[in-house]
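One-letter residues, chain by chain:
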Amino acid sequence: MYNFFNFKDGSFDLNAPGSFKRYLVILSVFAMVLYFGGISLQEFSGADEPRVAGIGTDYLLSGEMTVPRLNGKPFLEMPPMFYWAEAFSFKLLGATNTAARLPSAIAALWAIIVCYLFANRLGFKPFTAFCTAMVLSIAPQFWANGRSAMVDMMLASFTVTAVYGYYSCATSNIWWRKVLWMLLFAAAAGGGIMTKGLIGLAIPGAAIGSWLFLENIVKKRIAFGNWVLMFAGALLAFVPLAIWIHYLNQELGWEQGGKIVLFKNNLDRFAGNHNDHNEPFYYYLKKLPEIFQPWLVFVFAGFAWFACRFYKEKNTAWLMMLCYVFFPLAILNLSSVKRMVYLLPTNPAMALLAGGFVGLLLQGDIRLPVKLNLNKLVYWLTIILSGGCIIFFAIAAVIPMVKPFMFSDLKIFGFCGMMLAAMTLMLTVKREFGRVAVLLLVLILTSFSIINMFRADKVNRKEAFRPMFKRIAAQLEEGRDLILVNSPERIDGGAEFYLQRRFDSINSPEGLAAKLTAEPGKYLLLICDDKFLRPDYRIIQTFKVKKDYYTLVEPLEKKL
């Protein structure tokens, strides 16, 4: 069972015949357990998940699949691909946390497998390709978003597929295969556009275009065929968007449909004319310590290593890896709108560098200086990191003020990940690879399961929306209707997802007064802003979700 590394007679062959399929099976099973296990434990929290689940629910309730709507109102911040997937998932499994997060989990699994296939296509041996996919699968941000009802994981999956598809197209020597690979590139880029707009083509386009330009310089020839295929694939990628905008304009008109999609929610976001999440150009540099932990040090090491190898060997596979990281990051830094989650599509590129470097190191293809004793280095590194983690958690358990730091996702994942990475190196050097590999995979799954339970317990106690809407549902069973008063998007989406219907959402005192006067005694109000509270409202219950307060009230009928 443990001998998938071909351990025999005190040694092992990491890349024996049949290794490629074996690693693919191991990787698929591992990733499925990691991303699908316990996916429903944590309730929705924050702004994104309830809103996204609400839009998917609206599609299911209305049966109208053209215009994304949030509680009945058009929501055109992003195209509908992810919402369609959610609506389909809800139709199959019902309105559950699992169904809402299933599209992201499937997208994450696909991205991990494609990363493995891409690494193999770049020329890595099966074990190194396996390392790149494993690095991606246990990257904390990637794991957390792969288990969330958010569009970004689907974008990341389409992005890595598009880059893989075009690279395979450009490096294939058979014309019909080149065409098929180009169609895969076009389909993936089109899916990215339909998931999150033009950035779905901009990220793979930046990697592909820069690589093709530099590759032509290195080889001192212009590959006209590859340029034609790239532009043909890019044009085909816009076909789904054009079709959707055509039907969108029929429903809403140009001013309220296509114009908002193309300009306000795409070009304006890049140019700085959008007020949402505007950050200075150095935002990601400030966040560098948090990016792709705990593997960031290997990303830098891999970038330096493959840059040097490319300089010496002129291997354009290494050039693709460098372009895939550098130019998409440059595009994202130039954009005025920035969030940490927007870096998710670059995670597979970072995994190729970090995992490629680690895999070559473990295979012995990277030779360290003679004076550097790897056994002792890894041994002491493991002792220091493991001891540091134990001391840190001991202090956190005793001193209450340290606990918020302890439960900060990136920090706790970073500590655990660094410890696991160091253990991997140490155990590999000691040559107990087969049995230890199984133990290590089980240990990783167990660690992430414990982390998931900790996060779920914290969120479900203090940040979950379900208890509030469960209480509201009990009130609505008495025959009344609900009005959402000055509600943010998370409440509009949460109400539609948890209560499975649309509700009136009113944001002005005058509009609310007119509604209550027209039909007195019919409504309960969920007030999301205290300025709407009045003395003639009877408070049923006040809910605290994270730091926000929501008040369920009953308007009292005025006596004549």
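Residues numbered from 1 in each chain as written. Predicted model: local features only at pLDDT ≥ 70, side-chain atom pairs only at ≥ 80, totals over all residues. Heavy atoms only, no water.

## Examining the overall build of the protein chain
Then comes step 1: Within the protein chain, the secondary structure is distributed over 23 helices and nine strands.
Then comes step 2: Put simply, the protein chain has 560 residues, and 53% of those count as buried.
Then comes step 3: For the protein chain, restricting intrachain contacts to residue pairs at least 6 apart in sequence, the fraction spanning at least 24 positions comes to 73%.
Then comes step 4: If you sum the accessible surface of the protein chain, you get close to 25700 Å²; carbon and sulfur atoms cover 65% of it. (Helix = DSSP H or I, 4+ residues; strand = E, 2+ residues; numbered from the N terminus. Buried < 20%, exposed > 50% of the residue type's maximum accessible area, 1.4 Å probe, protein only. Contact = heavy atoms within 4.5 Å. Areas by Shrake-Rupley, 256 points an atom, 1.4 Å probe, with all protein chains shown as cover.)

## Digging into helix α11 (residues 239–252)
Then comes step 1: With 14 residues, α11 extends 20 Å from end C-alpha to end C-alpha; this agrees with the ideal 20 Å at 1.5 Å per step.
Then comes step 2: Within α11 the residues assigned to the buried category are L241, W244, I245 and L248. Looking straight down α11, one finds that the buried residues subtend no more than 100° of arc, so they occupy a single side. (Expected span 1.5 Å × (residues − 1). Arc of directions from axis to C-beta.)

## Details of the pairing of strand β5 (residues 481–485)
Then comes step 1: In terms of burial, β5 is largely enclosed, as five of its five residues are buried.
Then comes step 2: Note that β5 and strand β7 (residues 523–527) share five bridges and pair parallel. When the sheet's bridge partners are listed, L482 is paired in β7 with L524.
Then comes step 3: Two elements, β5 and strand β6 (residues 504–506), share three bridges in a ladder whose sense is parallel. Across the sheet, residue L484 finds its bridge partner in β6, namely S505. (Pairing = 2+ DSSP bridges.)

## What about the confidence of the model for the protein chain?
Then comes step 1: In this model, the protein chain carries an average pLDDT of 86, and 83% of its residues clear a pLDDT of 70 or more.
Then comes step 2: For residues 401–410, every residue scores under 50 in pLDDT, and the model assigns this stretch 17 contacts once sequence neighbours within four places are set aside. (pLDDT = per-residue confidence, 0-100.)

## A few points about the pattern of salt bridges
Then comes step 1: Evaluation of the coordinates by the stated rule reveals 19 salt bridges.
Then comes step 2: Its salt-bridge partner being E43, residue R466 comes within 2.8 Å of it at the nearest N-O pair. Pair noted here: R466 is in helix α21 (residues 466–476) and E43 is in the loop between α1 (19–36) and α2 (48–62), with a separation of 423 residues, a long-range link.
Then comes step 3: We classify R466 as partly exposed; its relative accessible area is 31%.
Then comes step 4: Given the relative accessible area of 14%, E43 is considered buried.
Then comes step 5: In this structure, K219 and E215 form a salt bridge, with 3.1 Å as the shortest nitrogen-oxygen distance. Taken together, the residues span about one helical turn, with K219 and E215 both in helix α9 (residues 199–219) at a distance of four residues.
Then comes step 6: Judged by its relative accessible area of 41%, K219 falls in the partly exposed class. (Salt bridge = Lys/Arg side-chain N within 4 Å of Asp/Glu carboxyl O.)

## Examining the sheet that holds β5
The strands making up a sheet associate through hydrogen bonds between their backbones, and the pairing can be parallel or antiparallel.
Then comes step 1: Taken in spatial order, the five strands make up an open sheet running β6-β5-β7-β9-β8, and their pairing is mixed. Here the strands that pair on one side only, and so sit at the sheet edges, are β6 and β8 (537–545). Between one strand axis and the next, the sheet turns by 25° as a mean value, whatever way the strands run.
Then comes step 2: Along the sheet face, helix α22 (residues 489–499) touches β5, β6, β7 and β9 (548–555) and points at about 160° away from the line of β5. (Axes fitted to C-alpha atoms, helices over the stretch in contact; angles between N-to-C directions.)

## Considering a nonpolar patch on the surface
Then comes step 1: A cluster of nonpolar side chains, contributed by I174, W175, W176, V179, L180, L183, L236, V239, I243 and Y247, occupies part of the molecular surface with about 960 Å² of accessible area.
Then comes step 2: Contributing elements (two or more residues each) for the nonpolar patch: α8 (175–196) and α11.
Then comes step 3: If you tally residues by element for the nonpolar patch, the top one is α8, at five residues.
Then comes step 4: Structurally, L180 can be placed in helix α8. (Patch = residues over 30% accessible without salt bridge, like charges linked within 9 Å, V, L, I, M, F, W, Y side chains within 5 Å.)

## A closer look at the side chain of T316
Then comes step 1: Among the secondary structure elements, T316 is positioned in helix α15 (residues 316–334).
Then comes step 2: In this structure T316 comes out as buried when scored by relative accessible area, which is 11%.
Then comes step 3: In contact with T316, not counting residues within four places along its chain, are W211, E215 and K219.

## Some words on the packing of aromatic side chains
Then comes step 1: Counted under the stated rule, the structure contains 24 aromatic pairs.
Then comes step 2: A ring pair is formed by F326 and F327, whose centres lie 5.1 Å apart and whose planes are at 85°; its orientation type is edge-to-face.
Then comes step 3: In this structure F326 comes out as partly exposed when scored by relative accessible area, which is 46%.
Then comes step 4: An aromatic cluster is built from F118, Y164, Y167, W181, W211 and Y324, whose rings are joined through pairwise contacts.
Then comes step 5: Seen from the ring of Y311, K314 lies directly overhead, with NZ or CZ sitting 5.1 Å from the centre. (Phe/Tyr/Trp six-rings, centres within 6.5 Å; stacked < 30°, edge-to-face > 60°. Lys NZ or Arg CZ within 6 Å of the ring centre and 35° of its normal.)

## With respect to the side chain of D48
Then comes step 1: Along the chain, D48 turns up in helix α2.
Then comes step 2: At a separation of 2.8 Å, a polar atom in the side chain of D48 contacts the side chain of R51.
Then comes step 3: If we skip the residues at most four places from it in the chain, D48 touches A149, M150 and R339. (Polar contact = N/O pair within 3.5 Å; in protein donor to acceptor, adjacent residues only side chain to side chain.)

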